[in-house]
Amino acid sequence: MYYSNGNYEAFARPRKPEGVDDKTAWFVGAGLGSMASAIFMIRDGRMAGEKITILEELKLPGGALDGIRYPEKGFVIRGGREMEDHMECLWDLFRSVPSLEIDDASVLDEFYWLNKDDPNSSLCRVTEKQGQDAHSDKLFTLSDKAQKDIVRVIMATREQMEDKRIDEVFSDEFFASNFWLYWRTMFAFESWHSALEMKLYLHRFMHHISGLPDLSALKFTKYNQYESLVLPMYRWLLDQGVTFLFEHTVTDVEFDFSDGRKQATRIQWTTPDGPGGVDLTANDLCLVTIGSLTENSDDGDQHTAAVIKDGPAPAWDLWKKIAAKSPDFGHPEVFCGDVDKTKWESATVTTVDERIPRYIERICHRDPFSGKVVTGGIVTAKDSAWLMSWTVNRQPHFKAQKPNEIVVWVYGLFVETPGDYVKKPMQECTGEEITKEWLYHLGVPVDEIDELAASGAKSVPVMMPYVTAFFMPRTAGDRPQVVPEGSVNFAFLGQFAETTRDCIFTTEYSVRTAMEAAYQLLGIDRGVPEVFNSTYDIRYLLKATTRLRDGEATKIPGPNFLKGRLYDKLDNTQMGELLTDFGLIPETAGTKRRERADDAVE
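Residues numbered from 1 in each chain as written. Predicted model: local features only at pLDDT ≥ 70, side-chain atom pairs only at ≥ 80, totals over all residues. Heavy atoms only, no water.

Student: What am I meant to see in the environment of Leu142 here?
Tutor: Mapped onto the elements, Leu142 comes out in the loop between β7 (132-133) and α5 (144-155). Through-space distance from the C-alpha of Leu142 to that of Ser210 is 13 Å; in sequence the pair is 68 residues apart. In this structure, Leu142 is in contact with Gln147, Ile150, Phe174, Ser177, Phe179, Leu548 and Asp550, ignoring residues within four places of it in sequence. (Helix = DSSP H or I, 4+ residues; strand = E, 2+ residues; numbered from the N terminus. Contact = heavy atoms within 4.5 Å.)

Rendered as C-alpha cells:
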C-alpha cells in the first residue's frame, strides 16, 4: 500500500488483484468503516459481493451514523457529522455509491450540488444572556502568549505530545480565548483530553482555522446521516450480494501466532438463538471495528432521564479479549477506563409549537422552514453552565417529519453541573427538562418556558459513556495498526485503529482505515489519497497566522530605522509580497508603488 496525490492516481482503475476469487471477507460491525471497506473490496478489489458477510450486534447498519424515529419517543440523532472539501477517502468512496434521491447521480454528486446551491455559514456562532449574539466581531482574542502556545504545539514532535493533557501544554490565557471556545465546542474537546490529538487537529485543519467563527468551511448532508449516507451504502451493498447478519454479537476472534505470522482463525458470536461462529483460513479475511463511541448509549424520553450504562460493553469487551492476545493489538483500557472523562449527553428536540421556531430564527437570522441552511452548524451558549450547544440543520432533517416540525440537536460538555434554569445536572434531566434549559438560552421569556417545553416540543436525551474515548491521552502502541505487522488475513477498522495520516472523530478517519485495510489485504495496486497538505503550504500557514492574530500585523522589535531596512529587504521579493498580502507586515513604499502601477495598467 502507498499514498498518492493527483488525478493520475485518483482516476486510475486498478487491475484485479491476483487470487481475489479465492478469498472471502468477514466484517465485525456494520458501521461506516466496515461498509466502506466492503465497497472498496468490490469496486477496486473486484471481489464478488456474495463473498462478503457483515456481522452486526444491532438490528440495523450504520453504527454511530444514526438517525431514527421511535414511534413513542420521537426522532433521535445521537450526533452530527461535519464534513469538508478535503475528505479525500470519503469522497473517493461516495463517488461510486448511487444517490437514492437523484437518478443517474452519486451520493457525492448530490452532496456537491446541494452545497453549491446552498453553501453553509453561521450568522450567529455564540450567544450569551439568553440568546443575545455574543461574538458578532468573530475575533479569536488570543494573546501573544496564547499564540505562542499554539505555535509551540504545532512545532512539537508527536512524541513530545504523547500521554499529555491539553491543559498541560496550554496556558490559562489560551483557555480564556474565543478560539478555545470555538474549538472545544466544535470538536468536543475537554481540557483533560489528549494534547497529541489537539496537535493533530491543528495540522489537519490548518486550512479551516479562519472559518471557525462562521463555520463557512463546513458542509452538511440534506437529511440526517443515516438517510443521506448509510442507506445508500446499505442498498448498494445488498444489490452486490453482500450478506448482513444482524443481532450477531461477536464475542471473540481467535488467532494463530507462528513463524512470525499472525492469522485470524475463528470468529465467535452469539445470537438470540444461541452461540455460533466461523472458522477462517488464510484466504478468509477478518476485519474488526474495535472500540465504539456509541457503545452502551442510553435513550431517555420526554419524562425519563437517560442513564449512564457503565457495565459490560460488548464492543470494548471484544477489543479487550483481542488485545490480551498480542501487544500489537493495542490497549483499550487507555480509552474506555474512565467514563467520567469520556461521556457527554445529547438530546434531539422536535418542536411542534410555532412559537419556538421564531426564537430560532431570531438567533440564526434564517427561516427554519426554508429547506435551506438554518444555523449553519452549532450555536454555543457561552454562559451556559452545561456549555450547551445546539444546531438546526436543513429541514426536514428526517423524511418522515411533519411540515410543522423542526428537529433540533442539543449537546452539553459539562453534564455534571447544575443548569441555569433547571437546577439539575444535565445527566439527571428528562427530555422536557433539557428542553427547558435550551429554551432559556434561546431567549424564550421565563414565564413561557415550562408551558412550551411541556406541550410545544418532544425531546429524547441520549447519554453516551464513551463518545470522546478516542480523545484520551495516549502513546504509540495504544492503538493497533490498521494491518498489524505479520498479519496474514486480518485488519482493524475505525476510530481506534492507527493510521498516522489523519485525525479521529471524522467520517474521513473511518473511511481511511477502511481503504487502507482493503488495499493491503487484497493487494490493490492504487494509491490511497494522501491527507490534504495545508499544514505544509506557506499560503495556508500565513492565512492561519493572520487569522490567529485577528488581522494584526506582526510587531518587530527594535528601532524604526532597522525595521525599515528589513522591510526594504523584503520589498520586491516573493516572500515580502506574501507577508504583505496576508497583512503580517505593513505595506512598504515599494508595495504601494506596485499597486499604483497595477492601477495604471488597469
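Student: How should I be thinking about the confidence of the model for the protein in this particular structure?
Tutor: Looking at the protein, pLDDT values average 93 and 96% of them are 70 or higher. This stretch, residues 589-602, has a pLDDT under 50; its non-local contacts, to residues over four places away or in other chains, come to 9 contacts. (pLDDT = per-residue confidence, 0-100.)

Student: Help me understand the pairing of strand β3 (residues 52-55), please; the structure alone is not making it clear to me.
Tutor: The side chains of a regular strand alternate, first on one face of the sheet and then on the other. Judged by which residues are buried, β3 turns out to be covered on both faces: Ile52 and Ile54 on one side and Thr53 and Leu55 on the other are all buried. In this sheet, β3 lies alongside strand β2 (residues 24-28) in parallel orientation, the contact comprising 4 bridges. Across the sheet, residue Phe27 finds its bridge partner in β3, namely Ile54. Handedness of the crossover is the feature at issue here: the chain leaves β2, passes through helix α2 (residues 32-43), returns alongside β3, and the resulting connection is right-handed. (Buried < 20%, exposed > 50% of the residue type's maximum accessible area, 1.4 Å probe, protein only. Pairing = 2+ DSSP bridges. Right-handed = clockwise from strand over helix to strand, strands pointing away.)

Student: What exactly am I supposed to notice about the packing of helix α15 (residues 431-442) against helix α16 (residues 446-455) here?
Tutor: Two numbers describe a pair of packed helices, the interaxial angle and the distance between the axes. Packing of α15 against α16 leaves a shortest axis separation of 9 Å and a crossing angle of 145°. In this structure, α15 crosses over α16, and the sense of that crossing is right-handed. From α15, Glu432, Thr435, Lys436, Leu439 and Tyr440 reach across to α16, where they touch Val446, Ile449, Asp450, Leu452, Ala453 and Ala454. The class makeup of the residues in the contact of α15 with α16 is 7 nonpolar, 1 polar and 3 charged. (Axes fitted to C-alpha atoms, helices over the stretch in contact; angles between N-to-C directions. Left-handed = near helix turned anticlockwise from the far one by under 90°. Nonpolar A, V, L, I, M, F, W, Y, C, P; charged D, E, K, R; others polar.)

Student: Just checking my understanding: could you explain the sheet that holds strand β13 (residues 298-299) for this structure?
Tutor: Here 8 strands make up an open sheet; going across it, the order is β7-β6-β15-β16-β17-β14-β18-β13 and the pairing mixed. Every other strand in the sheet has two partners, leaving β7 and β13 as the edge strands with one partner each. Both strand β6 (residues 126-128) and β7 contribute to a ladder of 2 bridges, which runs antiparallel. Its bridge partner lying in β7, Thr127 is registered against Asp133. The strands touched by helix α14 (residues 355-364) are β6, β14 (344-351), β15 (379-381), β16 (388-391), β17 (406-412) and β18 (457-464); relative to β17, the strand with the most contacts, the crossing angle is about 65°.

Student: Help me understand a nonpolar patch on the surface, please; the structure alone is not making it clear to me.
Tutor: A surface patch of nonpolar side chains, amounting to about 300 Å² of accessible area, comprises Ile102, Tyr112 and Trp113. Along the chain, Tyr112 falls in helix α4 (residues 107-117). (Patch = residues over 30% accessible without salt bridge, like charges linked within 9 Å, V, L, I, M, F, W, Y side chains within 5 Å. Areas by Shrake-Rupley, 256 points an atom, 1.4 Å probe, with all protein chains shown as cover. Salt bridge = Lys/Arg side-chain N within 4 Å of Asp/Glu carboxyl O.)

Student: What's the story with the pairing of β14 in this structure? I'm lost.
Tutor: Most of β14 sits out of view: 8 of its 8 residues are buried. Of the two faces of β14, the one holding Trp344, Ser346, Thr348 and Thr350 and the one holding Glu345, Ala347, Val349 and Thr351 are both buried throughout. Sheet analysis places β14 next to β17, joined by 7 bridges and oriented antiparallel. Looking at the pairing, Thr348 lines up with Trp409 of β17.

Student: Mind showing me how you'd approach the UniProt feature "transmembrane region" (unreviewed entry) in the protein here?
Tutor: Residues annotated in UniProt with the feature "transmembrane region" (unreviewed entry) correspond here to residues 24-42. Counting secondary structure, residues 24-42 comes out at 58% helix and 26% strand; the distance between its end C-alpha atoms is 11 Å. (UniProt positions renumbered as here; feature names shortened; annotations may be inferred.)

Student: Would you explain the side chain of Thr580 in this entry?
Tutor: Mapped onto the secondary structure, Thr580 falls in helix α20 (residues 574-581). Owing to a relative accessible area of 12%, Thr580 belongs among the buried residues under this scheme. Of note is the side chain of Thr580, whose polar atom sits 2.8 Å from the backbone oxygen of Gly576. (Polar contact = N/O pair within 3.5 Å; in protein donor to acceptor, adjacent residues only side chain to side chain.)

Student: I'm lost on the pattern of salt bridges in this one. Help?
Tutor: It is possible for side chains of opposite charge to pair when their charged atoms get near one another. Applying the stated criterion across every chain yields a total of 38 salt bridges. Where Asp353 meets Arg355, a salt bridge forms, and the shortest distance between an N and an O atom there is 3.0 Å. Of the residues examined, Asp353 reaches a relative accessible area of 16% and is grouped as buried. Taking relative accessible area as the criterion, Arg355 reaches 22% and is therefore assigned partly exposed. Here the salt bridges share partners, and the residues they tie into one network are Arg43, Asp44, Asp92, Arg95 and Arg526.

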